[in-house]
Structure formats: C-alpha cells, structure tokens
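# Structure at a glance
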2 protein chains.
Amino acid sequence: MISIEEALARILSYVDVLPAEEKPLLEALGQVLDEDISATFDIPPLDNTAMDGYAVRAADTTGATGASPITLRVIGEVAAGYEYEGEVERGTAVRIMTGAPIPAGADSIVPFEETDEPFDHAPSGTGRLTATAVKVLKEARPGANIRRAAEDITAGQMVVPKGTVLRASEIGVIASLGRAAVRVIPRPVVAVLSTGDELLEPGQERSGARIFDANAHSVGSLVERYGGMPRLLGIAKDTVADLTAKIHKGWGADILVTSAGVSRGDYDVVKDVLASEGQVDFWTVAMKPGKPLAFGCFYPEGDEGRRVPHIGLPGNPVSSMVAFELFGRPAMMKMMGKRDWRRPMVRAIAEDEITNRDDPRVFLARCFVTERDGKFYASLTGSQGSGILTSMMRANALTLIPAEVDVVEPGEEIDVIMLDWTRGEEWGSYLTSD
Amino acid sequence: MISIEEALARILSYVDVLPAEEKPLLEALGQVLDEDISATFDIPPLDNTAMDGYAVRAADTTGATGASPITLRVIGEVAAGYEYEGEVERGTAVRIMTGAPIPAGADSIVPFEETDEPFDHAPSGTGRLTATAVKVLKEARPGANIRRAAEDITAGQMVVPKGTVLRASEIGVIASLGRAAVRVIPRPVVAVLSTGDELLEPGQERSGARIFDANAHSVGSLVERYGGMPRLLGIAKDTVADLTAKIHKGWGADILVTSAGVSRGDYDVVKDVLASEGQVDFWTVAMKPGKPLAFGCFYPEGDEGRRVPHIGLPGNPVSSMVAFELFGRPAMMKMMGKRDWRRPMVRAIAEDEITNRDDPRVFLARCFVTERDGKFYASLTGSQGSGILTSMMRANALTLIPAEVDVVEPGEEIDVIMLDWTRGEEWGSYLTSD
C-alpha cells in the first residue's frame with residue numbers, strides 16, 4: 001500500500017498539460033490562457049464623451065446660470081462611432097451622444113440637463129439635428145464629462161497574462177481588444193468505462209442479482225463539474241476480450257477512467273488488461289474508502305509518443321467518487337493547466353464518534369459540515385459502507401482521519417476536506433429570493 | 001428612478017419558471033429536479049458480500065486458528081451479477097466475489113486473507129474454480145462481511161425530492177435506481193444582442209472612432225457561468241429597422257438581453273423598439289453604474305400566451321456586467337427553478353476613501369476583498385468610470401454604498417457583495433499543487 005500523497009504524485013508524473021488550442025472567445029470561458037494578451041491600440045481609442053449633451057469650449061460658458069444662460073450656435077452633431085469633421089469655434093457647440101469622439105476645438109461636454117434642451121427634445125431614433133441654438137445654464141468646467149483616450153488601456157500594454165483562468169470580465173476585455181479567438185488549454189476528454197458482469201445500464205430491465213451502474217454517471221458528472229468532457233463508453237463484461245475492446249475505444253480520449261475490476265478477485269481483469277496492453281503503476285492506496293486503485297498508461301500503437309493515462313477506480317459507488325475526487329480531479333486540473341487546484345480544508349469539531357480501528361488507512365468518512373459562531377462542525381451522514389451512495393448525497397465534506405488514529409470522540413477537532421461548500425451559507429446575503 | 005429592490009421585484013414578476021423537460025441523466029447535472037424520485041426496488045437488491053472470499057456457515061468455523069485451521073469442502077463459486085443455485089451445507093463453502101449474492105445456507109463471509117488461499121491463487125480473469133477445499137484460519141462471525149439487502153435504499157422510499165439541485169452524487173443515486181432520464185427544469189436560452197453604430201465584432205478591422213463590442217462576450221460568459229445557454233445575435237445598428245429585425249431573432253429565446261440604447265440620447269432606440277413592439281416597464285434604476293436600464297416584455301404574435309422578457313442593459317461595459325449580475329442572474333435563476341440564488345454579502349473594512357457625493361444612487365464600486373485574521377477588507381480596483389472594464393477584471397466584489405452616504409473613510413465598515421470568491425482562499429488546503 002502506498003500513501004494518498006505518493007499515489008497522487010505518481011499519477012501526476014504521468015499526466016501532461018494538454019497542448020493549447022485556438023478557441024472562439026466564448027468557448028474559452030473557465031480555461032487557462034496560453035498566450036499573453038497585449039493591446040495593439042488604446043482603449044478608448046479617442047477622447048470621447050461620457051454624457052449626451054453638447055461639446056463646447058468651456059471658456060465660452062463663463063458666467064452661465066439658469067437666470068442668465070449663454071446661447072451657443074449649434075453647428076452639427078456627432079454620435080458614437082462617427083467623427084465630427086469640423087471644429088468647434090468660439091460661440092459654437094456640437095450636439096454629441098455618449099461615446100462619440102470630442103470634436104476638434106471643444107474641451108468640455110455640457111450634459112442636456114445643463115442646457116435648455118428638454119429631455120425628449122428630438123424624437124429618438126431619428127438622429128436628425130433640429131436645434132440651431134442651445135442655451136447653456138451652468139458654467140462648463142474644462143475636461144468635464146470627457147473620457148480620455150487610453151484611460152483604460154494603452155497600446156502595447158500587456159493586459160491579460162498567460163496562465164490566467166478566463167472569467168467573464170477577462171473575456172469581455174479580450175473582446176474589447178478585438179480578439180475573436182484565443183489560445184487556451186482545452187478541456188480534457190475523459191473516457192469513462194464501467195466494468196462488471198453484474199451491471200445494467202440505467203433504463204434496462206432489471207433482474208435478480210444485477211444492479212444499475214451508478215459510477216459512469218456519478219464520475220461523468222464530476223468530470224463535467226470540474227470542466228472536462230465526459231465520454232461514456234458503457235459497461236464492459238469481466239472478460240479480457242470485452243474489456244480490451246472497450247478500453248481501446250477510450251484511447252482517443254485524453255484520459256481513461258474505469259471503475260471496478262481492480263481488486264484481487266478472479267474477475268478483476270482491469271489491472272490485467274492494463275498490464276498486458278499498457279503499463280500498471282500501483283494498485284492499492286492507504287485510504288478508506290478507495291483502497292484498490294489501479295493506475296497506469298497506454299501507449300497507442302502508431303501514435304508516436306502519445307500516452308493515455310488510465311485511472312482504475314474501485315467499483316463501489318462511494319469509493320469510485322471519493323477516489324475520483326482525490327486523484328481524477330487533480331489529474332484533470334493539471335491537464336487543463338490550472339495551477340491552483342487546492343481543495344479547501346478546515347478544522348472541524350466532530351459531532352459523532354468516528355472509529356478507524358485495526359485499519360492502517362486514512363479514513364475519508366462522509367460528513368456534513370456546518371459553521372456556527374465561526375466554528376465548523378462535522379457530523380457523519382450515516383453508514384460509512386462504501387456501497388451507501390445516499391450518504392455521499394447528504395455529505396458536503398470528507399473527514400481526514402489519519403491511519404494511526406483509532407477513534408475520534410465527539411468534541412475532538414479533525415481535519416475535513418470540503419467538497420461542496422458555497423461560501424455565503426454563513427454570511428449575510430443581498431437580495432434574497434425569500 | 002426606482003430602487004434596485006423594486007427593479008428586481010418588477011423583473012421577477014414577469015419571469016416564469018421554465019416548463020420542465022425529460023433530460024438524459026448526465027445533461028441534468030446542476031439543474032433542478034421536477035419530480036420526486038422514489039425507489040422501485042431495494043438497494044442492494046439482495047444480501048451480498050463486501051469481500052472476495054468464501055461464503056460459509058459461521059458455526060462450521062468455531063475454533064479455527066492459523067495453528068489449527070478448519071477445512072471446508074468447496075462446492076462452487078459465484079461472482080457479482082450471478083446467483084449460486086445450490087446451498088451451503090454443513091462443512092462446505094462457496095467461493096464468492098465482492099458484490100455476489102450470499103448463497104442459501106451461508107451466514108458469513110471469510111475473506112481470502114483468513115484462508116489458506118494465496119493472494120493470486122487463480123489466474124485472474126478465468127473465473128474457473130481450481131480449489132476443491134479451503135482451510136479457514138480464523139473463526140467467522142455470523143453476518144461478517146455481508147451487506148444486507150436494502151441497507152442503502154428500501155423499495156418505495158422517496159430518495160431525491162422534487163426541487164433538488166442535482167449534483168454528481170444525486171445523479172449517481174438516480175442512475176442506481178435505474179433511471180436513464182429525469183424531469184428537470186431546463187437551462188434558459190438567453191439571446192444576447194449588442195447595439196450601437198460604433199461597435200465592431202471582435203476580429204473585424206478597426207477604424208478611427210469605432211470600438212470592439214465587449215458586452216456580448218462578457219454578458220454571454222455570465223449567462224454560461226450561471227447555467228444558461230447564450231445565443232449571440234451580433235450587433236444591431238442604431239436604427240429602428242435594424243434593431244427591430246435583430247430583436248425578432250431573439251424571440252425564440254427564453255429571455256432577451258440587449259446592451260446600450262437605453263439612455264435618453266437620440267440614438268438610444270432600444271427602449272423605443274421595446275415600447276412599439278412590446279411593453280416597457282421602467283428604464284432608470286438608482287444605482288451606479290447601471291442607471292439606464294430598460295425592462296419589458298415581447299408577446300410574439302401567433303404564440304398565444306408566450307412572453308419573452310427583455311432586459312435592456314446599459315451600454316458601458318462595466319454597467320452592463322454589473323446590471324446583468326444584479327438583474328439578469330436572478331432572472332435566470334428564477335427561470336431555472338433555483339430557489340436560493342442569494343449573493344453572499346459581507347461586512348468589510350474599506351481600505352480606500354469611497355465618495356458618492358451629489359448622487360442619489362447606490363454605489364456599486366468594483367473592489368477586491370481579502371480576508372485577514374477573520375476580518376474582510378475591501379480595496380477599490382482603480383478608476384470607477386463605467387468604461388473601465390479592466391477594473392472589473394481585477395475585482396471580486398462590489399461595494400454597496402447607500403445613496404445617502406456621501407463618503408466612506410478608510411477604516412469604516414461597508415457592505416460588500418461577493419462576485420468571485422472561492423471559499424478556501426483563507427483556509428488551509430489539502431494536497432496542494434505546489
């Protein structure tokens with residue numbers, strides 16, 4: 001048996017960051033950028049107005065008030081996306097719409113509110129200038145309501161560095177730089193195969209001793225949740241022939257994940273196929289659940305240098321999920337180039353007795369963690385048999401009881417690995433739905 | 001101007017939960033279940049073994065030790081998915097593989113480790129019984145290593161209730177109940193349209209006063225992040241004709257989101273098209289950024305009773321993102337049947353002066369929140385101009401400065417709405433990548 005840490009280190013040593021690809025911008029959300037994105041022009045490109053109103057020479061408005069307005073001659077208008085051809089000379093103004101470049105000669109924008117132009121002066125949508133003069137009701141300050149060219153981004157500036165995980169705001173910024181596609185590290189395709197003569201596909205007719213396969217769906221869902229693309233390969237029988245055929249179908253994927261067939265039983269052929277068709281690395285880890293775990297690589301023929309890592313999860317539904325969380329998820333994160341795939345861990349007060357006697361394995365018991373008065377509490381979510389998937393459904397965390405601890409008494413502090421925790425459950429909230 | 005709370009209440013009053021659909025199980029991840037899922041059979045269906053070993057009568061092993069083992073005659077074997085036809089009679093044993101049903105007569109499982117069968121006794125994969133007798137090295141306890149029928153789920157039990165947001169473990173449990181598809185509330189299709197003569201699509205050639213459209217991509221990314229399906233409709237010119245044509249394309253979606261064209265400028269035709277083709281509800285909200293906001297509904301002809309809500313976001317890139325976070329996200333959550341779409345909010349200590357003078361609007365300044373020694377601190381992420389999208393990129397939260405507060409001094413406590421916060425940044429972590 002090897003430790004969890006050692007098993008993970010070995011798995012990661014065989015897993016590579018996927019080669020980057022050019023992707024349409026919207027498909028890059030959540031992925032890791034594989035290039036430095038720099039600006040080739042200023043944003044905004046030109047000085048422009050932050051308000052609808054009139055572009056004026058501030059000096060022309062000196063002394064203007066509501067009681068004694070100053071009248072300017074309106075010589076034209078300009079909207080966003082266009083440039084005013086002429087110049088604002090003394091005593092004149094150009095009607096201007098938000099975002100439009102500041103006309104030559106003007107140094108200030110007087111918003112409609114500070115003129116005699118009523119709110120709904122022009123029928124909107126016409127864009128036709130109807131006023132020939134405008135009364136300014138307040139002195140304009142030079143530079144007022146002007147957004148300066150390059151106030152956000154300067155040409156040449158590096159804006160989004162390589163290695164950034166792209167969120168909506170980065171995607172927006174990259175779009176504003178004119179890029180329709182970016183180089184990112186793609187999502188891994190994860191082939192998922194269940195094995196076992198006893199398994200039925202959900203939807204099939206059930207018979208006596210046979211059970212429906214849960215693992216393909218639970219593991220496939222975890223793949224999706226962590227940003228990969230699950231490719232379900234179905235169920236393989238416990239024969240070398242069927243398993244070999246189905247495993248070959250997974251060689252097109254970036255990683256293959258199987259469940260069951262990794263114990264020492266006669267029918268546990270996964271490790272044998274892995275050994276004959278590829279290379280096995282190890283197959284037991286000092287953890288509970290999840291001890292039997294096969295790991296190895298296939299080297300598809302005719303595909304020089306290509307390596308398909310294979311994680312052989314245990315067959316019990318809880319064990320396969322827990323082992324995927326501990327080993328499959330980090331492998332996916334590494335493939336996606338994500339550097340920070342830490343799993344949050346807290347110290348929590350045990351609310352139940354947790355026994356781990358006579359078992360030299362780390363005990364990852366399913367538990368539910370709550371926070372009360374700044375302290376975390378962990379209660380077990382029922383029977384810890386590795387077939388009891390409902391206790392996984394009720395859990396949001398796993399305990400981390402060291403192998404050498406026989407028993408944890410209620411009230412003792414333990415380490416807990418968080419699985420599903422939405423920060424904010426213990427905070428206030430804004431605009432609730434209730 | 002109306003308040004944020006009122007604007008949201010009005011929007012939600014026009015938004016309906018989408019009609020539920022039958023979806024393949026894996027596509028239901030993250031969605032809200034719209035039926036009660038009950039079990040039609042026990043899980044596990046039969047008593048079965050938790051270990052590879054021998055099914056025995058415990059009484060037959062009384063007194064067995066390594067020094068004086070008890071020999072049993074091996075009468076057959078059984079693997080998971082099969083049932084042993086005969087009966088374990090006195091002095092006999094059936095070789096049994098994990099998951100296989102307990103043969104009649106047997107009341108205990110002796111694992112291989114407690115027999116003389118070596119680890120790699122049979123060539124695995126053959127499934128052929130080679131031993132005719134087995135030595136038991138330790139007394140078997142009645143019931144040992146037996147998983148009882150129905151120990152996880154009992155026939156008739158309600159397992160996953162309507163309204164549950166389906167995670168990987170629920171998907172696994174539902175698969176184990178034999179269901180290949182479930183009724184869930186689907187993801188909304190969100191049509192996203194940018195408007196403005198000044199806009200270019202990313203990838204187009206740039207000219208003087210024109211700018212690349214950021215909003216379709218940033219808002220489209222938020223749609224995706226919150227579980228919807230963005231359908232980008234491109235850019236509409238600021239004319240009633242072009243805008244009307246493009247808006248019609250959005251009527252097939254569950255909700256239409258446009259950006260820009262909602263101020264009072266001459267070219268702000270979105271609100272006019274909404275007024276003539278549908279019904280406008282309101283168009284200014286007491287918030288900064290994001291004051292001009294149009295909301296209304298279209299009632300497509302020939303589609304009795306169908307209503308397409310339309311959120312007209314402001315055009316500035318920060319304003320459109322902030323307004324989508326505050327109004328678009330809750331609308332999506334309601335459509336998806338998610339009852340808890342709270343946004344976490346904390347009290348944080350301001351690290352900068354924040355001024356909100358002469359503006360009767362709530363100030364949602366972009367800030368970055370950190371936690372140190374159990375306290376939260378918020379620092380502004382630079383210029384708060386609503387065109388400065390890079391300051392959104394650096395932010396993980398928005399301040400919530402009430403309209404009546406003119407200035408917040410450094411050190412004062414403020415409310416902060418969290419946008420991107422991964423709980424655990426301030427915790428310990430398990431198995432880091434470093």
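Bear in mind that the values here come from a model prediction, so they are computed numbers and not experimental data.

### A few points about the overall build of chain A
The secondary structure content of chain A amounts to seven helices and 30 strands. Dimensions of chain A along its principal axes, counting C-alpha atoms only, are 95 × 60 × 40 Å. When burial is assessed residue by residue, chain A has 51% of its 434 residues classed as buried. In chain A, of all internal contacts separated by at least 6 residues, the share reaching a separation of at least 24 is 71%.

### Description of the relation of the copies chain A and chain B
Here two copies of a chain appear, and what relates them is a rotation about an axis with a shift along it. Mapping chain A onto chain B is achieved by rotating through 180° and translating by 0.0 Å along the same axis, at an RMSD of 0.1 Å. What we have between these two chains is a two-fold relation.

### Here's the deal with unusual backbone geometry
Residue and element names in this part refer to chain A. Of note, the amide linkage connecting Ile43 to Pro44 takes the cis form, showing an omega dihedral of -10°. The topology assignment puts Pro44 in the loop between strand E3 (37-38) and strand E4 (48-49). Look at Asp373: it is not a glycine, yet its phi comes out positive at around 50°. Of note, Asp373 is situated in the loop between strand E25 (366-372) and strand E26 (375-380). Residue classification places Asp373 among the exposed residues on the basis of 6 C-beta atoms within 10 Å.

### Some details on the nonpolar core
Residues A:Val416 and B:Val416 are the most contacted members of the largest nonpolar core, which totals 253 residues. Among all residues touching B:Val416, those that are not within four sequence positions of it are B:Met345, B:Val346, B:Ala348, B:Cys367, B:Val369, B:Phe376, B:Ala378, B:Ala397, B:Thr399 and B:Leu400.

### With respect to helix H5 (residues 270-277) of chain A
All names here are of chain A. Residues of H5 that are buried: Val270, Lys271, Val273 and Leu274. All buried residues of H5 fall inside an arc of 165° around its axis, so they share one side. If you follow the buried residues of H5, they end up packed against strand E13 (189-195), helix H4 (240-249), strand E17 (255-259), strand E18 (278-284), strand E20 (292-298) and strand E21 (308-313).

### A few points about the interface of chain A and chain B
Between chain A and chain B, the contact holds 107 residues from the first and 106 residues from the second. In the side of chain A that touches chain B, the residues fall into 51 nonpolar, 30 polar and 26 charged.

### Points about the sheet that holds strand E16 (residues 229-236) of chain B
All names here are of chain B. An order of E16-E13-E17-E21-E20-E18 is seen for the six strands of this open sheet, with the pairing classed as mixed. Looking at which strands have only one partner, the edges of the open sheet turn out to be E16 and strand E18 (278-284). Strand after strand, the sheet turns through a mean of 20° between neighbouring axes, direction not considered. As defined by bridge partners, strand E13 (residues 189-195) adjoins E16 across six bridges and the pair is classed as parallel. Each residue of the ladder has a partner; that of Val192, found in E16, is Leu232. Strands in contact with helix H5 (residues 270-277) are E13, strand E17 (255-259), E18, strand E20 (292-298) and strand E21 (308-313); relative to E18, the strand with the most contacts, it is inclined by about 145°. Packing of helix H6 (residues 317-335) onto the sheet brings it into contact with E13, E17, E20 and E21, and relative to E21 it is tilted by some 165°.

### Considering the sheet that holds strand E7 (residues 92-96) of chain B
Residue and element names in this part refer to chain B. Across the sheet, five strands lie side by side as E8-E5-E7-E6-E9; this open sheet has mixed pairing. Taken across any chain shown, the strands that pair with only one partner, and hence form the sheet edges, are strand E8 (108-111) and strand E9 (133-136). If you compare each strand with its neighbour and ignore which way they point, the axes differ by 40° on average. Inspection of the sheet shows strand E5 (residues 53-56) paired to E8 by four bridges, in the antiparallel sense. Among the inter-strand pairings, Ala55 is bridged to a residue of E8, identified as Ile109.

### Comments concerning the packing of helix H3 (residues 215-225) of chain A against helix H2 (residues 168-176) of chain B
Helix-helix packing is characterised by the crossing angle of the two axes and by the distance between the axes. With their axes 7 Å apart at the nearest point, H3(A) and H2(B) run at an angle of 155° to one another. With respect to their mutual orientation, H3(A) and H2(B) come out roughly antiparallel. The handedness of the crossing between H3(A) and H2(B) comes out as right-handed. Packed against H3(A), whose contacting residues are A:His217, A:Ser218, A:Ser221, A:Leu222 and A:Arg225, the element H2(B) presents B:Ala168, B:Ser169, B:Ile171, B:Gly172 and B:Ala175 at the interface.

### Comments concerning the packing of helix H4 (residues 240-249) of chain B against H5(B)
All names here are of chain B. Across the interface, H4 lies against H5 with an axial gap of 10 Å and an inter-helix angle of 60°. As for how H4 packs across H5, the hand of that crossing is right-handed. Where H4 approaches H5, its residues Val240, Leu243, Thr244 and Ile247 are matched on the opposing element by Val270, Asp272, Val273 and Glu277. Taken together, the residues of the contact of H4 with H5 sort by class into five nonpolar, one polar and two charged.

### Some points on the environment of A:Asp242
All names here are of chain A. Tracing the sequence through the fold places Asp242 in helix H4. For the pair Asp242 and Thr195, spaced 47 residues apart in the sequence, the C-alpha separation amounts to 9.7 Å. With residues near it in sequence (within four places) discarded, Asp242 still touches Ala236 and Lys237.

### Focus: H6(B)
All names here are of chain B. For H6, built from 19 residues, the straight-helix expectation of 27 Å at 1.5 Å per residue is met to within 8% by its first-to-last C-alpha distance of 25 Å. Along its length, H6 shows its largest kink, about 45°, at Phe324. Where burial is concerned, most of H6 is hidden: 17 out of the 19 residues are buried. Backbone geometry just downstream of H6 places Gly337 in the positive-phi region, at approximately 75°.

### As for the environment of B:Asn215
Residue and element names in this part refer to chain B. Within the secondary structure, Asn215 sits in helix H3 (residues 215-225). A sequence separation of 71 residues divides Asn215 from Ala286, and the C-alpha atoms of the two residues are 21 Å apart. Non-local contacts of Asn215, meaning those with residues more than four positions away in its chain, are made with Ser194, Ser259, Pro317 and Ser320.

### Some points on the confidence of the model for chain A
All names here are of chain A. Mean pLDDT over chain A works out to 91, with 93% of the residues at or above the 70 mark. Contacts for the low-pLDDT stretch residues 121-128, under 50 throughout, to residues beyond four places or in other chains number 14 contacts. Overall fold confidence for the complex sits at a pTM of 0.93, while the interface term, ipTM, reaches 0.93.

### Considering the pairing of strand E6 (residues 70-78) of chain B
Residue and element names in this part refer to chain B. Relative to E9, E6 runs antiparallel, the two being bridged by four bridges. By the bridge assignment, Leu72 is partnered in E9 with Val134. Both E6 and E7 contribute to a ladder of five bridges, which runs parallel. In the strand pairing of E7, Val78 is matched with Ile96.

Quick notes on the rules
- Residues numbered from 1 in each chain as written.
- Chains lettered and ligands numbered in written order.
- Predicted model: local features only at pLDDT ≥ 70, side-chain atom pairs only at ≥ 80, totals over all residues.
- Helix = DSSP H or I, 4+ residues; strand = E, 2+ residues; numbered from the N terminus.
- Buried ≥ 20, exposed ≤ 12 C-beta atoms within 10 Å, placed from the backbone.
- Contact = placed C-beta atoms within 7 Å.
- Least-squares fit on C-alpha atoms with pLDDT ≥ 70 in both.
- Core = buried A, V, L, I, M, F, W, Y, C linked by C-beta atoms within 7 Å.
- Arc of directions from axis to C-beta.
- Nonpolar A, V, L, I, M, F, W, Y, C, P; charged D, E, K, R; others polar.
- Pairing = 2+ DSSP bridges.
- Axes fitted to C-alpha atoms, helices over the stretch in contact; angles between N-to-C directions.
- Parallel < 35°, antiparallel > 145°, perpendicular 65-115°, else oblique.
- Left-handed = near helix turned anticlockwise from the far one by under 90°.
- Expected span 1.5 Å × (residues − 1).
- Bend = angle between axes of the 7 residues up to and from the residue.
- pLDDT = per-residue confidence, 0-100.

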